[in-house]
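In case you want the letters, here they are:
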Amino acid sequence: MSEPVQTPQTFPTRIFSGIQPSGGLTLGNYLGALKRFVQKQDEGIETIYCLVDMHAITTWQDPAKLRQQTREAAAGFIAAGIDPARSILFNQSQVTAHAELGWIFNCVARMGWMSRMTQFKDKAGKNSENVSLGLYAYPALMAADILAYKATHVPVGEDQKQHIELTRDIALKFNNDYKVNFFPITEPVIEGAATRVMSLRDGTKKMSKSDPSDQSRINLTDDADTIAKKFRKAKTDAEPLPSDLEGLSGRPDARNLINVYAALADMTPEAVITEYAGAQFGTFKPALADLAVAKLSPITSKMSQLMQDPAEIDRILGEGATRADAIARPIVDQVYDIIGMIRSRQV
């Protein structure tokens, strides 16, 4: 077998990111992820996008719903503008390299690193003794998702930055432990006016598909009337919009709606404030609703059309998995060589 590579290497720019198919896609997923994924694809960079169904089962999932939600998420990617011919789009469980490298990284990562992960604390709450081991260890699998492709950049929201830092720690420790320059030190890509979209009912909380109130979010499956009604009923305050962003300090609901408008319109928040300075929300919210309907309705319609043919979605995911495996398999095989595993099986 080949000896571990110990000479410096240059890592080509490669973007990886993923979304859990554990519920319907929201406006937050679109503005915080899908819209930016399409932009990166259009920049001519190699892009790999994954539906992380193995992460989804860190909490129990109904099998039929998981299949449905995975297809719906794939439809959302495509409807938003991801071209399966230009980007690789697949579901995680079809590429075994993720699970294999995830175990290796479980052995590289330290318990102290995992214990500092704030998202585990948030999700487990006071019930940490009863949640799955997978929920505790999933940041190592997330690192494997990224490094199985030697991804150099990962578009993430601010709340996911800690996981990229852990990925960097794991890559550094692996490289140092085995005296190789094998994995890149991945960079988070955090950009855009609405990288973290907040609830329409509470501007201090992230828009979430798990919120019990459907009025708190815009679902990508909502029709035009529903989108418009939700924005018109979105929580605001009695003050008019200020003339600059400093005037939004202490007004999280107002700031959220300004950010959403800016992201949908490809404007800066400053430009939105300039345009609507002094306006009451009775004027601004209908304008935001009209903009959202114009931007999201075509996506909703395309998703509905795609979901009429689940076999075609499965074909796209299967082809994407084949392309993903062609990249990840040699990388994981090299990892086995580096760490001293005998690889003598004839395939």
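A few points on the structure.

Criteria and thresholds
- Residues numbered from 1 in each chain as written.
- Predicted model: local features only at pLDDT ≥ 70, side-chain atom pairs only at ≥ 80, totals over all residues.
- Heavy atoms only, no water.
- Salt bridge = Lys/Arg side-chain N within 4 Å of Asp/Glu carboxyl O.
- Helix = DSSP H or I, 4+ residues; strand = E, 2+ residues; numbered from the N terminus.
- Buried < 20%, exposed > 50% of the residue type's maximum accessible area, 1.4 Å probe, protein only.
- 1 Å grid on protein atoms, 1.4 Å probe; cavity = no way out; pocket = protein on both sides within 12 Å on 5 of 7 lines; lining within 4 Å.
- Points joined across faces, edges and corners; volume = space filled by probe spheres on them.
- Arc of directions from axis to C-beta.
- Contact = heavy atoms within 4.5 Å.
- Patch = residues over 30% accessible without salt bridge, like charges linked within 9 Å, V, L, I, M, F, W, Y side chains within 5 Å.
- Areas by Shrake-Rupley, 256 points an atom, 1.4 Å probe, with all protein chains shown as cover.
- Lys, Arg positive; Asp, Glu negative; His and termini not counted.
- Charge placed at Lys NZ, Arg CZ, Asp CG, Glu CD.
- Axes fitted to C-alpha atoms, helices over the stretch in contact; angles between N-to-C directions.
- Parallel < 35°, antiparallel > 145°, perpendicular 65-115°, else oblique.
- Nonpolar A, V, L, I, M, F, W, Y, C, P; charged D, E, K, R; others polar.

**Re the pattern of salt bridges**
Consideration 1: Applying the stated criterion across every chain, the model contains 17 salt bridges.
Consideration 2: Between Arg86 and Asp42 there is a salt bridge, with the nearest N and O atoms lying 3.1 Å from each other. With Arg86 in the loop between helix 3 (63-80) and strand 3 (88-91) and Asp42 in helix 1 (residues 27-42), the pair connects residues that are 44 residues apart, well separated along the chain.
Consideration 3: Residue Arg86 is classed as partly exposed on the basis of its relative accessible area of 47%.
Consideration 4: Looking at Asp42, the relative accessible area reads 48%, which means it is partly exposed.
Consideration 5: Salt bridges linked by common partners bring Glu100, Arg329, Asp333 and Arg343 together as one network.

**Section: the layout of surface pockets**
Consideration 1: Reported here for the second largest pocket is a volume of approximately 220 Å³.
Consideration 2: Residue lining of the second largest pocket: 13 residues in total, with Asn106, Gly134, Ala137, Tyr138 and Leu141 positioned closest to the centre.
Consideration 3: Taken together, the elements giving at least two residues each to the lining of the second largest pocket come down to helix 4 (97-108) and helix 7 (133-147).
Consideration 4: Considering every element that reaches the lining of the second largest pocket, the biggest residue donor is helix 7, with six residues.

**Details of the environment of Lys295**
Consideration 1: Turning to its location among the elements, Lys295 is positioned in helix 12 (residues 281-306).
Consideration 2: In this structure the C-alpha to C-alpha distance between Lys295 and Leu264, which are 31 residues apart in sequence, comes to 7.1 Å.

**With respect to unusual backbone geometry**
Consideration 1: Positive phi, close to 50°, is recorded for Lys150, a residue that is not glycine.
Consideration 2: With respect to the helices, strands and loops of the structure, Lys150 is situated in the loop between helix 7 and strand 4 (153-155).
Consideration 3: The class for Lys150 is buried, based on a relative accessible area of 12%.
Consideration 4: Of note, Asp266 is a non-glycine position whose phi angle comes to about 55°, a positive value.
Consideration 5: Within the secondary structure, Asp266 sits in the loop between helix 10 (252-265) and helix 11 (269-276).

**Thoughts on helix 11**
Consideration 1: Among all positions of helix 11, only Pro269, Val272, Ile273 and Tyr276 are buried. Projected down its long axis, helix 11 shows its buried positions confined to an angular sector of 100°, all on one face.
Consideration 2: Contact partners of the buried residues in helix 11: helix 10 and helix 12.
Consideration 3: Downstream of helix 11 by a residue or two, Gly278 has a phi angle that is positive, lying close to 85°.

**Concerning a positive patch on the surface**
Consideration 1: Judged by side-chain charge, Arg201, Lys229, Lys233 and Lys235 come together as a positively charged surface patch.
Consideration 2: In this structure, Lys229 sits in helix 9 (residues 224-232).

**Examining the packing of helix 7 against helix 8 (residues 161-177)**
Any two packed helices are characterised by the angle at which their axes cross and by the distance between the axes.
Consideration 1: For the pair helix 7 and helix 8, interaxial distance at closest approach is 9 Å and the crossing angle is 75°. One way to sum up the angle between helix 7 and helix 8 is to call them roughly perpendicular. Together, Tyr138, Pro139, Ala140, Met142, Ala143, Ile146 and Leu147 of helix 7 and His163, Ile164, Leu166, Thr167, Ile170 and Ala171 of helix 8 make up the contact between the two elements.
Consideration 2: Counted by class, the contact of helix 7 with helix 8 contains 11 nonpolar, two polar and no charged residues.

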